[in-house]
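Tertiary structure, described
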Amino acid sequence: MEARLTEEHRSFFSVDKSEVHRAPGRVNLIGEHTDYNDGFVLPTPLDRHVWAAASPREGVRVTVRAPDLGDQMEFRLDVITRSADHPWGNYVMGVAQALQEEGHTLRGAYMTIRGDVPIGAGLSSSAAFLMASLRAFQSMNRISLEPVESAYLAKRAENQFVGVQCGVMDQFVAAMGEHGKALFIDCRTNEHRLVELPRDHKVVIVNTMKSRDLTSSAYNERRGQCLEAVLVIGRHETGVTALRDVTPEMLIKHWGELQPGIQRRARHVVTENQRVLESLELLGGGDVEGFGDLMYDSHESLRHDYEVSCRELDILVDATLEMRGVAGARMTGAGFGGCTVNLVEEGYVDKFTELIKEKYLSSTAKRAEVYLA
Ligand code: GLA
């Protein structure tokens, strides 16, 4: 990809120098809808990336091509405004804007962006896009940022410029994940560490091919409901500023004061945070089955309490219950479509792929795609 992109970039823009930067997509193993509640997450980067070829140029114009999307756009660094015609361009402009707000001076640029992270599948093609663009701008303008700083800058670009109120998980793992390992992140303190994955199992992703729309009001609505729970519980308990601070005991104590819908949203986040911490212990002790069970518990909680699953995701997860080579399965990412993540015995991956595709086709008349993480 790097060589092809370089050639394409240089010949289109007639430049003889360029650099290629890339950032990976991700799949979250456990810890869903916890990042914006100051909680814990455990994603792993994919061997699928967004690549940005870039060359600096005189002046304030930035021209960006996205051949995968058959599109191109241009903007000026001194007047950045959101584009309705080229929504993908907002990621590049958002990053440029965030860097300039931090006081960095940017040069004009030519950029060509391609990727193989499926778009709209909940595998964070957007965070990879942001991070690859950020790396390109950093390199062209000799800007060095700490990895945590770059994750938050990309998050800000997405929150403010693209308009999605996401948490920091995706940008964090795109900035500092390592292939073949999970990355535990405490989204309040930014403490993070790499976690070994079971050697004899593979992380397998199944795409429902039902595209979800993150900007859809459901995501921001869930955020609002979490805040409502914090507001109610925080009236009685000191030091509660996020659902991260709510213990199961507190939740039981104040259950009756919460609206029925809010009760279940809060229960998901409180129990999911516990599941992530428990997962670290189980994975550390080599208990794959135990971790797999937590993945199933997480799915049930997302399905019934947080209500972000859908029929297609449930079909895929339920189908694995009958497969002996699968330790655990759950929906991953924001939900409402997208993918499931499965922990599959290495020798069972081919059989799993065959069975899950068959099952999905017969239940939905749709074809699922399967990727290895
Ligand atoms: C999306 C957001 C993340 C996170 C997940 C749900 O991927 O971008 O910040 O909230 O949903 O866990």
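A few points on the structure. Model, not experiment: these values are computed from the prediction. (Residues numbered from 1 in each chain as written. Predicted model: local features only at pLDDT ≥ 70, side-chain atom pairs only at ≥ 80, totals over all residues. Heavy atoms only, no water.)

Scanning the protein from N- to C-terminus turns up eleven helices and eleven strands. Referenced to the eigenvectors of the C-alpha coordinate spread, the extents of the protein come out at roughly 60 × 55 × 40 Å. Going through the 373 residues of the protein one by one, you find that 59% of them count as buried. Here the analysis covers contacts within the protein between residues at least 6 apart in sequence; of these, 69% occur between residues at least 24 apart. For the protein, the accessible surface area stands at approximately 15,700 Å², while carbon and sulfur atoms represent 47% of it. (Helix = DSSP H or I, 4+ residues; strand = E, 2+ residues; numbered from the N terminus. Buried < 20%, exposed > 50% of the residue type's maximum accessible area, 1.4 Å probe, protein only. Contact = heavy atoms within 4.5 Å. Areas by Shrake-Rupley, 256 points an atom, 1.4 Å probe, with all protein chains shown as cover.)

Once that is clear, we can look at the packing of helix 2 (residues 89–101) against helix 3 (residues 125–140). Angle between the axes and distance between the axes are the two parameters that describe a pair of packed helices. Direction vectors running N to C along helix 2 and helix 3 enclose 50°, while the axes themselves pass 9 Å from each other. Comparing their axes, helix 3 and helix 2 come out oblique. Crossing handedness for the pair helix 2 and helix 3: right-handed. Contact residues: helix 2 offers Tyr-91, Val-92, Val-95, Ala-96 and Leu-99, while helix 3 offers Ser-126, Phe-129, Leu-130, Ser-133, Leu-134 and Phe-137. Partitioning the contact of helix 2 with helix 3 into residue classes produces nine nonpolar, two polar and no charged. (Axes fitted to C-alpha atoms, helices over the stretch in contact; angles between N-to-C directions. Parallel < 35°, antiparallel > 145°, perpendicular 65-115°, else oblique. Left-handed = near helix turned anticlockwise from the far one by under 90°. Nonpolar A, V, L, I, M, F, W, Y, C, P; charged D, E, K, R; others polar.)

Our next topic: the sheet that holds strand 9 (residues 326–332). In spatial order, the strands read 9-10-8-11; together these four strands make up an open sheet with antiparallel pairing. Looking at the sheet topology across the chains shown, the edges are occupied by strand 9 and strand 11 (369–372). The average angle at which neighbouring strand axes cross in this sheet is 25°, direction not considered. The sheet contact formed by strand 8 (residues 201–207) and strand 10 (residues 339–345) spans seven bridges and is antiparallel. Bridge pairing in strand 10 places His-201 opposite Glu-345. Sitting on the sheet, helix 11 (residues 349–364) is in contact with strand 8, strand 9, strand 10 and strand 11, with an inclination near 20° to strand 8. (Pairing = 2+ DSSP bridges.)

In this section: the nonpolar core. In terms of nonpolar packing, the biggest core is built from 105 residues, with Val-64, Phe-75, Leu-99, Met-111, Leu-123 and Phe-137 touching the most fellow members. The residues touching Met-111, leaving out its near neighbours within four places in the chain, are His-9, Phe-13, Ala-53, Ala-54, Val-62, Thr-63, Val-64, Arg-65, Val-92, Ser-133, Ala-136 and Phe-137. The next biggest cluster of nonpolar side chains, apart from the first, holds 17 residues, and it includes Ala-319, Val-344, Tyr-348 and Phe-352. (Core = buried A, V, L, I, M, F, W, Y, C linked by side-chain atoms within 4.5 Å.)

Evaluated as defined, the whole model comprises six aromatic pairs. Aromatic side chains Tyr-91 and Phe-129 sit 5.7 Å apart centroid to centroid with 40° between the ring planes, which places their arrangement in the tilted category. Here the residue Tyr-91 occupies a position in helix 2, and Phe-129 occupies one in helix 3, the gap between them amounting to 38 residues. Across the pair, exposure class does not vary: Tyr-91 and Phe-129 are buried alike. (Phe/Tyr/Trp six-rings, centres within 6.5 Å; stacked < 30°, edge-to-face > 60°.)

So, on to the site of the ligand. For the ligand, the full set of nearby residues is Arg-26, Glu-32, His-33, Asp-35, Tyr-36, Cys-166, Gly-167, Met-169, Asp-170, Tyr-219, Gly-333 and Ala-334. Taking Asp-170, its side chain carries an N or O atom lying 2.6 Å from an oxygen atom of the ligand. Interatomic distance of 2.6 Å between a side-chain N/O atom of Tyr-219 and an oxygen atom of the ligand. In isolation the ligand exposes 310 Å². Once the protein is present, 98% of that is buried. Along the lines of polarity and charge, the residues of the shell around the ligand split into five nonpolar, three polar and four charged. (Near = heavy atom within 4 Å. Polar contact = N/O pair within 3.5 Å; in protein donor to acceptor, adjacent residues only side chain to side chain.)

Right, let's talk about helix 11 for a bit. Over its 16 residues, helix 11 runs 22 Å from end to end, which matches the ideal 22 Å to within 8%, given 1.5 Å per residue. Tucked inside the fold, the buried residues of helix 11 contact strand 8, helix 10 (311–320), strand 9, strand 10 and strand 11. Backbone geometry just after helix 11 places Ala-365 at a positive phi near 65°. (Expected span 1.5 Å × (residues − 1).)

Here we come to the side chain of Asp-170. Position of Asp-170 relative to the elements: it lies in helix 5 (residues 169–176). Residue Asp-170 is classed as buried on the basis of its relative accessible area, which comes to 13%. At 2.7 Å, the side chain of Asp-170 forms a polar contact with the side chain of Arg-26. A distance of 3.1 Å separates the side chain of Asp-170 from the side chain of Ser-124, its partner in a polar contact. Those residues within four positions of Asp-170 in sequence are excluded, and the remaining contacts are Arg-26, Ser-124 and Ala-127.

We now examine helix 5. Where burial is concerned, most of helix 5 is hidden: eight out of the eight residues are buried. Taken together, the buried positions of helix 5 are Met-169, Asp-170, Gln-171, Phe-172, Val-173, Ala-174, Ala-175 and Met-176. Here the buried face of helix 5 lies against strand 1 (19–30), strand 2 (40–57), helix 3, helix 4 (147–162), strand 6 (181–186) and strand 7 (192–196).

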